[in-house]
Amino acid sequence: MRADYDPGEKWQLVWHDEFEGSQLDTKVWSYDLGQGQWGWGNNEWQVYTNSAENIWLQNGLLHIRALRNFTGNGGYTSARINTKDKKQFYFGKIAARMKLPRGRAIWPAFWMMGSVSDLDPWPFSGEIDIMEMRGGQAHEFKDGDGGDKKIYGSLHYFNSLANGHVAYGEAASLDRPFADDFHIFEVEWYDTHIIYKLDGKAYGIAQYNGVNEMHEFRAWPYYLLLQVAVGGPDTLFTGKLMPDDSIFPQTMQVDWVRVYQTEDMMQKEEKPYQRQGITYNVSSETLEQQGESVATGLRLDVWNTNGFSVTTDKDAAEGNEATVLRSDGSQSWFGVGYTMGSKVDLGGYRFLTLSLRTKSQAAFKLGASHSYGSWVYFVPGHDPYGFKRDGQWHTLHIPISDFLQPEFDWAHVDYPFALVAGGLKGPTEIAIDNIHFDNKSSNPDDYLLIPKATEYYFEKDDRLGAADELKGEMKSQIWTYQGFERTKATANCARGQECTRFVADGSGHWFGVAYAGTSLTKLQGYRTLEFTIRTRSQGQLKVGMIDEDGQEFWFKLQNSPQALPRDGQWHTISLPLSDFTGVNTKALKTVFALVGEDSVPYDIELDAVKIRK
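Presented here is a report on the structure given in the accompanying data block. Note that the structure is a prediction, hence the values are computed from the model and not measured.

**Things to note about the overall build of the chain**
Counting its secondary structure elements, the chain contains three helices and 39 strands. Long-range contacts, defined here as pairs at least 24 residues apart, represent 74% of the contacts in the chain between residues at least 6 apart. When the accessible surface of the chain is summed, it comes to about 26900 Å², and 45% of that surface belongs to carbon and sulfur atoms.

**A look at the nonpolar core**
Within the largest apolar cluster, 73 residues are counted, with the highest numbers of intra-cluster contacts made by L62, M98, L155, W189 and L226. Take this core: its biggest share by element is six residues, from strand β17 (residues 250-261).

**Things to note about the state of the cysteines**
Disulfides are covalent bonds that connect the sulfur atoms of two cysteines. Tallied over the full model, the rule gives one disulfide. Bridging C493 to C499, the disulfide has an S-S length of 2.3 Å. When the S-S torsion is -70°, as for the bridge of C493 with C499, the disulfide is left-handed. C499 carries the same exposure label as C493, and that label is buried.

**Considering unusual backbone geometry**
With the exception of glycine, the majority of residues adopt a negative phi angle, and the majority of peptide bonds are in the trans configuration. Here the residue pair W122 and P123 is connected by a cis peptide bond, since its omega of 5° sits within 30 degrees of zero. Inspection of the secondary structure assignment puts P123 in the loop between β9 (106-114) and β10 (127-133). Omega for the peptide link from F248 to P249 comes to 0°, which places this bond in the cis form. Here P249 is to be found in the loop between β16 (222-230) and β17. For N439, which is not glycine, the phi dihedral falls at a positive 65°. Residue position: N439 is located in strand β28 (residues 428-440).

Conventions adopted
- Numbering of residues starts from 1 in every chain and runs along the sequence as written.
- A pLDDT threshold of at least 70 governs which residues receive local features in this predicted model, and a stricter bar of 80 or more applies before side-chain atom pairs are shown or counted, although totals over entire chains, interfaces and linings include all residues.
- Note: side-chain values were computed over all heavy atoms of the structure, leaving out hydrogens and water.
- A run of H or I in DSSP becomes a helix once it reaches four residues, and a run of E becomes a strand once it reaches two; helices and strands are each numbered from the N terminus.
- Contacts: residue pairs with any heavy atoms within 4.5 Å of one another.
- Working definition of accessibility: Shrake-Rupley area with a 1.4 Å probe, residue cover restricted to the visible protein chains.
- Each nonpolar core is a collection of buried residues, namely Ala, Val, Leu, Ile, Met, Phe, Trp, Tyr and Cys, held together in the definition by side-chain atoms within 4.5 Å.
- Between buried and exposed lies partly exposed: a residue is buried under 20% and exposed over 50% of the maximum accessible area for its type, with that area taken using a 1.4 Å probe on protein chains only.
- Here, two cysteine sulfur atoms that lie within 2.5 Å of each other are counted as a disulfide.

Honestly, it's all geometry; don't read function into it.
See the structure below:
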């Protein structure tokens, strides 16, 4: 039964269920039961059960069977299982080998939900559909889009411009029904994009790098779900078709479910912290003793006061007392926020520092808020910044750049600190102390990202020192992933031991890579953009900059001896910044971008990209 599966050299197995034995592992999986609200939100007709008629293990396979059941509510029974609160995953390759059911209105699915769904309900929590099928014959659907030979992969999220739920999907088809044989359905989930694959071959890519509206897919872990649903006349996904009672029962067989991650995904890099500069003190007694006064007029607002209290505790992280937030569990959530009743300017601060203590397994988020919030999320099993739910104090230094909503206006904040907990399943206690913002420079220019040295390198080599850095953080971006890959090269680089290689197979029709600061970059006093590049690729190339207003300028690297010979040798290109007309180099959003404009293969190596005075 087991088929060979090669996830790829870079992927390491971190969790799997091979469905051996005779019973479902309930330490990992839970059953969804009943009809849910409005037919699980989709006007589905089935009732989910944990009956052995609907779900069982046999011969190393998980079976989920939909039955026509005239005695049950809705007339159909089936099963759905999930790993909520038991197993959750944050990036990786998530794959399952399955044989699907078939038939009109049958809806098998292998998918993921954001683990903060108790805190931020769908669609705010996000949804990743690895595989869904609209059962039936293609001609039965009004648009011809569906049937037993076609599957879909989709993302669901909240979009503020649409003021609601938005979905983005990809599809793959076969010349025979998916019920005829086993297939491997998978996604590769990165912090910038998701690749959909069927039997190891990519059939779609969803990108969200730099898209503020899609932070759901890079901010928290997700849990798994497996199901066979039955649609009805009001079920949009299954075409509002009536089930064909002659095809029942229908069974989905699952050989295995596996999760892989790369070494980079398993490593959690923390940003270095050293307290310095100007401080905004919310509640720290120690800083007050050092001359940093607490902001005057702050009060603590409580949201959802039922069964909730705020007290103080002498067992403090610093000073004489801490603030303790307690819920008796009668409500599913609570929230608090410090406010002055007027706007607070937190622009330029680089870290939020606070101390936390809890044993609670509730998910919570903390951050700042005005008309909407900018948050960092804490999910049991995936808490950031080394935080542990062990009942001990932990002091956290959270970079402001880690908070969601990059467009959040930190200069006009109603609540400089807020904490919201959700999904409470019993009494909950969270203690907070020592809250303050810091690392704000007294130099107004430091609100921008400013190169300090006479030369600043984007692609650094091992001979460059700490002086050749920015007063902030520079991040690389990829603008399209279709047929494109960025890797490190270590052989015959122009400088040092490493350079960067970009390879595009042409299927994406273009590619783009860029370097951008976490805030604006100011290049005052700099005169030249310089980089070293080699390639034999004949496609059009251009480099450019983009400022805060979206104005951009591009310099085409023509295939000529005067510009860029395509001879596979290293060449250094120097471009005067004065030639980048129309771009405000004192407020750059993208400091360097490289774009290939043609539907042809590219193989390019880049090294020693720098700005010179």
